[in-house]
Amino acid sequence: MNVPGLETEIQPGMICPVPLNKYPHVLLAHGGGGRLMHQLIETMFKAVFRSNELHQDHDAALLTIPQKKIAFTTDSYVVQPLLFPGGNIGTLAVNGTVNDLAMAGARPLYLSIGFILEEGLPMATLWQIVQSIQKAAQDAHVSIVTGDTKVIDRAKGDGIYINTAGIGIIEHEQTIAPREVCVGDSIIVNGDLGNHGMAIMAVREGLSFETTIESDCAPLAELTGRLLAEGIDIHCLRDLTRGGLASALNEIAAAAHKGITIEESRVPVRDEVACACELLGLDPLYVANEGRFIAFLPADHAEEALRIMRQHPLGQNACVIGNVNEEDSTTVTSKSTLGIRRILDMISGEQLPRIC
Amino acid sequence: MKYLHEYRDPALATRLSREIHRITTRPHVLMEVCGGQTHAIVKYGIDELLPESIELVHGPGCPVCVTPLELIDKAIAIASRPDVIFCSFGDMLRVPGSGDDLLSVKARGGDIRMVYSPLDAVAIAQKNPQKEIVFFAVGFETTAPANAMAVVQAKQLNLRNFSVLVSHVLVPPAMEAILSSPHNRVEGFLAAGHVCTIMGYTEYGPIASTYKVPIVVTGFEPLDILQGVYMCVRQLEEGRAEVENQYTRSVHKHGNRYAQNTIRDVFCIIPRKWRGVGEIAHSGLGLQTDYQAFDAEKRFDVTQCQTNESDECVSGLILQGLKKPHECPAFAVTCTPDHPLGATMVSSEGACAAYYRYRKHNAQTGVLNA
């Protein structure tokens, strides 16, 4: 097997630079600070992520940031299974942190990446994940500028854990926060819900549906950036991750101290996801997403916001799903298809499939 | 035809609602038996589409809710053993026993696995010959055939490391227990559609004629429940007490004979204690003699645990339809999904959890808010 030299740039799709026949699995030595760890970092991580800052070989990345307000966030990723239709833990690790920056109204610039690898993780899996990370970073227009690698004993981890921290810059004067939410605001979602959670569940539980459900994992910063650049007055943004739409609405309602109502018939859910949820007794409003967000904005900006969003691949199915309708309240309600209002509460723990 | 949106059509729901209003001339108290029906009623607000004179009370058809506390304590004791892989359906994992629940045991290192089918537990037993695999066999008649099949398969595979902790209950004896109670107010039943898919509905004829109550086998979608209510009210208004089948797309009169035979081969009818209700004769399923080797209660030396029911919890009255969740002083105050006092708040099928999730009780005004 050819092993590219250190000076050769690794392109996605090339063979794994760590010789798989010699090192088919991650060893403790790959985190031991010695030659093997050096080889892993140099030939795989630094060669693939290939930012100038990484090749400064400092303990910290030296960054030049324009004199603006910056946004800073961190998140850790522990998903099982590591690979799933529509993505893997690597794409999550990039897009999740990029999206947190986007929800603060920032343009993401730089990411750090910390790997905790379990001894015995197949090297081919790590290589696939690393390539996905670089592709996701390119798609999100961010550079990976610093990182860390640790290896833990077999059976003490779950294959791989990843932490990413991100820096973005604020290039507008708007204040985007729950406290800006006003009675009368419209609530827009950028697309159909429940894809990521059901994709994960299908793989994790070995459920094979006739149609493969794919994760919606995607970077949202370009879409939110367009809304801000076009002057849309945005009061609040929130990406819909664990706990789904219902949890995000409850978080905002509690933080903003405003009551919210949505219409269930307006919430887009793909047929395959709706059917999978029905089979398992799950509510799509509570299922995880990784490429979906809600925006709170004045009602008279909604139409223009939808026009802008629908021109972007990640906003083609954007729609208004409800509004903020009550002062001094933290209640989220939903109007059912039968026209009856019900509470859309914060879920306690995780949704569990029903017995019968 | 996806059997989803068609049965949630708002225009048809409105028509059924109008028809129910039109034929109702006096108050009626109906009970829906199944927890899944309770969930749908509260989620879709179906009771708000009915005349005020029709009261829906929620029955004991939540197998999670009626599993006795002692059995949950035994499950926790077995699951805590280092040599055991304990398999269960999802909603049992959060039900508190006297002091703990299965999820807490998992956090402490217990090997507890959620499965979607009891056959998954059999597969786990085959893959882990050095461990004891125990499946928590909970449910009404609906899940009994699959649980029976798991035991049959385990026997055919000669698995020595597989057993089941059985907590099966039967619907008709529970309905009779409710009807023979001196406090009973129920005048008609929406029978559990999936139970009847397995068992058919011939066993309800004697109940209907003895107690003079209409019994309508009903499905779970909004239009099913509205049509079931309509059929039940129509009988009451006409002075009839018969068994009718609303859920014809799933239920046949004699049910699924193959499933019934499988149940009969593996299980026999035994008395069973219902949490909050007490022991009801001939109301449970236990393993037949030929399958006693797979009985987890016999296999594991789980001594009688000290069971401590909450004094505040009135689950029993709720399961019998004698109280509504918001009439409990602890509801949404000391008893919430995060801190449940009893099973009707923990299980997603429980009446208290459904009321808490989809409605909120304003403790000060006594009004349900939604």
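This is a predicted model, so every value here is computed, not measured.

K.L.:
Is there a simple way to explain the interface of chain B and chain A in this structure?
P.N.:
Many authors give the size of an interface as the accessible area that is lost as the parts come together. Tallying the contact residues gives 40 residues for chain B and 25 residues for chain A. Summed over both partners, the interface of chain B with chain A comes to about 2,900 Å²; 61% of that surface belongs to carbon and sulfur atoms. Contact with chain A buries area across many residues of chain B, yet B:Arg94, B:Tyr116 and B:Arg357 alone supply 23% of it, more than any other trio. The interface formed by chain B and chain A holds one salt bridge in total. Linking B:Arg8 and A:Glu278 is a salt bridge whose minimum nitrogen-to-oxygen distance equals 2.8 Å. Remark: the boundary between chain B and chain A carries two residue pairs in polar contact (both at pLDDT 80 or more). Sorting the residues of the side of chain B that touches chain A by element identifies helix H1 (10–23), helix H2 (35–44), helix H3 (63–66) and helix H16 (351–358) of chain B as the ones contributing at least two each. It is H2(B) that provides the largest number of residues to the side of chain B that touches chain A, a total of four residues. Residue classes in the side of chain B that touches chain A are distributed as 18 nonpolar, nine polar and 13 charged.

K.L.:
When you look at the packing of aromatic side chains in this model, what are you seeing that I'm missing?
P.N.:
To describe a pair of aromatic rings, you give the distance between the ring centres and the angle between the ring planes. Residues and elements named next belong to chain B. For the structure shown, the criterion picks out seven aromatic pairs over all chains. Positioned above the aromatic ring of Tyr291, the side-chain terminus of Lys155 is 4.8 Å from the ring centre. Across the ring face of Tyr7, the terminal group of Arg249 is positioned such that the distance to the ring centre comes to 3.6 Å.

K.L.:
Could you clarify how one ought to interpret helix H12 (residues 257–266) of chain B in this entry?
P.N.:
At 3.6 residues per turn, the α-helix brings residues three or four places apart onto the same side. Residues and elements named next belong to chain B. All of the buried residues along H12 are Ala259, Gln260, Thr262, Ile263 and Val266. Within H12, the buried residues cover an arc of 160° as seen down the axis, which keeps them to one side. Exposed residues pointing more than 90 degrees away from the buried face of H12 are listed as Arg257, Tyr258, Arg264 and Asp265. Packed against the buried residues of H12 are helix H7 (144–156), helix H9 (193–199), strand S10 (267–274) and strand S11 (278–287). Put simply, Asn256 is the residue that caps the front of H12, since its side-chain oxygen is 3.2 Å from the backbone nitrogen of Tyr258.

K.L.:
So what exactly am I meant to see when it comes to the pairing of S10(B) here?
P.N.:
Taken residue by residue, a regular strand's side chains alternate between the two faces of the sheet. All names here are of chain B. Of the pairings in the sheet, the one linking S10 to S11 comprises seven bridges and is antiparallel in character. Counted as the bridge partner of Arg272 is Ile280 from S11. The hairpin turn running from S10 into S11, its antiparallel successor, is three residues long, and Gly276 in that turn takes a positive phi close to 85°.

K.L.:
Looking at this structure, I do not really get the confidence of the model for chain A. What am I missing?
P.N.:
Low pLDDT means the predicted atomic positions in that stretch should not be read closely. Model confidence for chain A is summarised by a mean pLDDT of 90, while 94% of its residues fall at 70 or above. Throughout residues 1–11 of chain A the model reports pLDDT below 50, and contacts reaching past four residues in sequence, or to other chains, amount to 21 contacts.

K.L.:
I tried to follow the environment of A:Leu280 on my own but got confused; where do I start?
P.N.:
All names here are of chain A. Among the secondary structure elements, Leu280 is positioned in helix H7 (residues 271–280). For Leu280, a relative accessible area of 10% puts it in the buried group. Along the primary structure Leu280 and Gly339 are separated by 59 residues, whereas in three dimensions their C-alpha atoms are 25 Å apart.

K.L.:
I tried to follow the pattern of salt bridges on my own but got confused; where do I start?
P.N.:
Charged atoms that come close allow side chains of opposite charge to pair. Counting across every chain of the model gives 31 salt bridges over all chains. Of the charged contacts, one joins A:Lys46 and A:Glu42 as a salt bridge, the two residues approaching to 2.9 Å between their closest N and O atoms. In this pair, A:Lys46 and A:Glu42 both sit in helix H1 (residues 35–49), four residues apart, roughly one turn of the helix. Accessibility classification places A:Lys46 together with A:Glu42 in one group, the buried group. The residue B:Lys273 makes a salt bridge to B:Glu70 at a minimum N-O spacing of 2.8 Å. Here the residue B:Lys273 occupies a position in strand S10, and B:Glu70 occupies one in helix H4 (residues 69–79), the gap between them amounting to 203 residues. Among the charged side chains, a salt-bridge network with shared partners connects B:Arg234, B:Glu238, B:Arg240, B:Glu242 and B:Glu244.

What counts, and at which threshold
- Residue indices begin from 1 for each chain and proceed along its sequence in written order.
- Key to labels: chains lettered from A, ligands numbered from 1, both in the order written.
- It should be noted that, the model being predicted, local features are given only for residues of pLDDT at least 70 and side-chain atom pairs only at 80 or more, the latter also being counted only at that level, while totals for whole chains, interfaces and linings use all residues.
- Excluding hydrogens and water, the side-chain figures rest on all heavy atoms present in the structure.
- Note on contacts: a residue pair qualifies if any of its non-hydrogen atoms lie within 4.5 Å across the two residues.
- Once two parts are put together, the accessible area they lose, assessed with a 1.4 Å probe and summed over both, is termed the buried area.
- Just to be clear on terms, a salt bridge is a Lys or Arg side-chain nitrogen sitting within 4 Å of an Asp or Glu carboxyl oxygen.
- Nitrogen and oxygen atoms within 3.5 Å of one another constitute a polar contact, given that in protein one can donate a hydrogen and the other can accept it, and given that sequence-neighbouring residues count only through two side-chain atoms.
- Numbering of helices and strands starts at the N terminus; helices are DSSP runs of H or I of at least 4 residues and strands are runs of E of at least 2.
- Note on residue categories: nonpolar means Ala, Val, Leu, Ile, Met, Phe, Trp, Tyr, Cys or Pro, charged means Asp, Glu, Lys or Arg, and polar means any other residue, Gly included.
- Ring pairs are drawn from Phe, Tyr and Trp, using the six-membered ring of Trp, whenever the two centres fall within 6.5 Å, and their geometry is named by plane angle: stacked under 30 degrees, edge-to-face over 60, tilted for the rest.
- Should the NZ of a Lys or the CZ of an Arg lie within 6 Å of a ring centre and within 35 degrees of the ring normal, that charge is described as sitting over the ring.
- Residue burial is assigned from relative accessible area. The probe radius is 1.4 Å, only protein chains are included, and a residue is buried under 20% of its type maximum, exposed over 50%, and partly exposed in between.
- Each direction from the helix axis to a C-beta atom contributes to the arc, which is the arc of those directions.
- By this definition, two strands are paired if DSSP reports at least two bridges between them.
- What pLDDT reports is the predictor's confidence in each residue, on a scale of 0 through 100.

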